[in-house]
Amino acid sequence: MPLPDLLAPDFKETPYWWDAAPRPRLAERAPPASIDVAIVGSGYTGLSAALDLVRAGRSVAVLDASDLGFGASTRNAGFVGRTLKHGLGELIEKHGVTRGVAIYREMRAAFDHVLGIVREEQIDCKLVQCGRLQGALFPSHYESMAKDADLKRKHLGDEAHLLDRAAMRGEIGSDLYSGGRLIPDHAGLHPGLYHQGLLDRVASAGAELFAHTPVLGIERRSDGFDVVTGRGRVKARDVLVATNGYTGRATPWLRRRVVPFHGFMAATEPLAADRMARVLPNKRLFHDYNNNLSYMRPSPDGTRILIGGFTGGPAANLRAKARKLHARLARIAPDLAGIKLSHAWSGQCSASFDLFPHVGVADGVHHALGYCFAGLPMGTWLGHKAAQKILGSREAPSLFDDRDFPTAFYYWGRPWFVPLYMAHHDWNDRRGR
Ligand SMILES: Cc1cc2nc3c(=O)[nH]c(=O)nc-3n(C[C@H](O)[C@H](O)[C@H](O)COP(=O)(O)OP(=O)(O)OC[C@H]3O[C@@H](n4cnc5c(N)ncnc54)[C@H](O)[C@@H]3O)c2cc1C
């Protein structure tokens, strides 16, 4: 018997988000001969910085190698949280209570910053504080959630609710989870519309935007920099590199410090309202508690389920990846076993060797990147911080700016070890570690 086709007839290999927020078409032109600030990369980081800078009176050129917003900023899951690869307990143990708590307070500031921008700029990106649900697959997951929740309540005043198996079953149409945690104030948004809103504000504030203008190199001069692009040279007083998972040969120092990896997502075809209500009745954003997460959310219009997972895997054939995501979806929510997928896509993220995001200056060139899969709030925030630094503002200091940006002797920009690292995660995940 032939296998049922899991992909809809009009299946697309582009982000679901691009249906509502397609890549903008710009007239192709050369950048100006000189500018105050050149920003390399047009994702959240670059646009957030551009908005501050242009409103402070600087002339700004945002240069992107591809379409504007081609990177992860229009490809992510739209989870807006306060997550870091290092738990609060680990930070307190390593750096003491004051510093550990201060780092998490800055995560809170980043989260509030995004909510503030969306509100003040009136960006219609379907932002809702719908809560984040986390599923425990092992007792060790639940214990770790409980410990983390206690610490965050004590030191940060954050509220979270621990859920037993029955309560979890009331939150998700799945029997996989023995318990979980709900963080009620975490938010979700439509990442494409958020990016589009930032882009519109940046353009109307007067920044110059250049698609298909790759930066090939940055040369230091006595009075600034020559930014060498595929469409000519731009003289800039300051340069900000905001290329995260797409960082390449043009910035070799950064290329040795961030490790790119792929994330994958898929969207279902539109589903009946009763089926949606069986899978995620309270419309939360969901992920499990593995090292290599599976995550799931309703589309902002409540008609589809979006799933993500297999992060760090090879960027192979997207149809094959879609079938794997379908199998994962059916395993989590068997009610969805018979549905078809309408979209599957991938995007590139980056991790730093110390698993912290970084903002700073190297050899006079500003950078903000290395978000380890939390760049929606952190990209927006550290773009803002980088801009404040360029402006010489008192608001510039950040705890993500006062540490070394490490590399490894064996790393020159080819992330050959990512599959091994992820296999190690998967091995641990099978054992609940
Ligand atoms: C599938 C997936 C799911 C994710 N889910 C979430 C989530 O739910 N929540 C969250 O917080 N984060 C999430 N992330 C991570 C988040 O999307 C990123 O961290 C964030 O978008 C990074 O923004 P950015 O502006 O720094 O970089 P990007 O948006 O990636 O933009 C970088 C840009 O730089 C350009 N560029 C690169 N080199 C050059 C050059 N030499 N010249 C000119 N331009 C150049 C690229 O073309 C690209 O457009 C996810 C990522 C993926 C892939």
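Residues numbered from 1 in each chain as written. Predicted model: local features only at pLDDT ≥ 70, side-chain atom pairs only at ≥ 80, totals over all residues. Heavy atoms only, no water.

### Comments concerning the nonpolar core
Here is the rule we go by: Think of a nonpolar core as a cluster: buried Ala, Val, Leu, Ile, Met, Phe, Trp, Tyr and Cys residues, connected wherever their side-chain atoms sit within 4.5 Å. Think of it in three bands: residues with accessible area under 20% of the maximum for their type are buried, residues over 50% are exposed, and the middle band is partly exposed, with areas taken using a 1.4 Å probe on protein chains only. Helix numbers and strand numbers start at the N terminus; a helix is a DSSP run of H or I with at least 4 residues, a strand a run of E with at least 2. By definition, residues are in contact when any of their heavy atoms lie within 4.5 Å.
With 54 residues, the main nonpolar core has I39, V60, Y194 and F400 as its most contacted residues. Every element with two or more residues in this core is listed here: β2 (34-40), α2 (44-55), β3 (60-63), α3 (88-95), α4 (97-120), α7 (191-205) and α11 (375-390). Among the elements that take part in this core, α4 stands out by supplying ten residues, more than any other. With sequence-adjacent residues up to four places away left out, I39 is seen in contact with G46, A49, A50, L53, V60, A61, V62, L63 and L240.

### Thoughts on the layout of surface pockets
The cut-off we apply is this: Only protein atoms enter the calculation, which uses a 1 Å grid: trapped sets of points that fit a 1.4 Å probe without letting it out are cavities, open sets showing protein on both sides within 12 Å along at least five of seven lines are pockets, and any residue with an atom within 4 Å of a point is a lining residue. Grid points are joined across faces, edges and corners, and a volume is the space filled by probe spheres set on the points. In this count, Pro and Cys sit with the nonpolar residues alongside Ala, Val, Leu, Ile, Met, Phe, Trp and Tyr, while Asp, Glu, Lys and Arg are called charged and the others, Gly among them, polar.
In this structure, the second largest pocket spans a volume of roughly 500 Å³. Around the second largest pocket sit 24 residues that line it, and N290, N292, R328, D426 and D429 are the ones nearest its centre. Listing elements by their share of the lining of the second largest pocket, those giving two or more residues are α10 (318-332) and α12 (418-430). When residues in the lining of the second largest pocket are grouped by element, the largest group, six residues, is from α12. Of the residues contributing to the lining of the second largest pocket, the split by class is ten nonpolar, six polar and eight charged.

### Examining the site of the ligand
The condition that has to hold: A cutoff of 4 Å decides nearness: a residue is near a molecule or strand if any of its heavy atoms lies inside that distance of it. Polar contacts here mean pairs of N or O atoms no more than 3.5 Å apart (in protein, one a potential hydrogen donor and the other a potential acceptor; neighbouring residues in sequence count only if both atoms are side-chain atoms). Accessible surface is estimated by sampling points in the Shrake-Rupley manner with a 1.4 Å probe; for residues, cover comes only from the protein chains shown.
Surrounding the ligand, one finds 36 residues, the nearest of these being T45, D64, S73, V215 and L376. Contacts to the ligand include S73, whose side-chain N or O atom sits 2.5 Å from an oxygen atom. The protein chains hide 96% of the 1000 Å² of surface that the ligand would expose on its own. Those elements that provide at least two residues to the shell around the ligand are α2, β13 (258-268), β17 (341-352) and α11.

### Observations regarding the pairing of β13
Under the convention used in this document: Strands are labelled as partners when DSSP assigns at least two bridges between them.
Counting buried positions along β13 gives nine out of eleven residues, so the element sits mostly inside the fold. As judged from the eleven bridges shared by β13 and β17, these two strands associate in the antiparallel manner. Bridge assignment links T268 to a residue of β17, and that residue is L341. Inspection of the sheet shows β13 paired to strand β16 (residues 305-309) by four bridges, in the antiparallel sense. Looking across to β16, one finds that M265 is bridged to G308.

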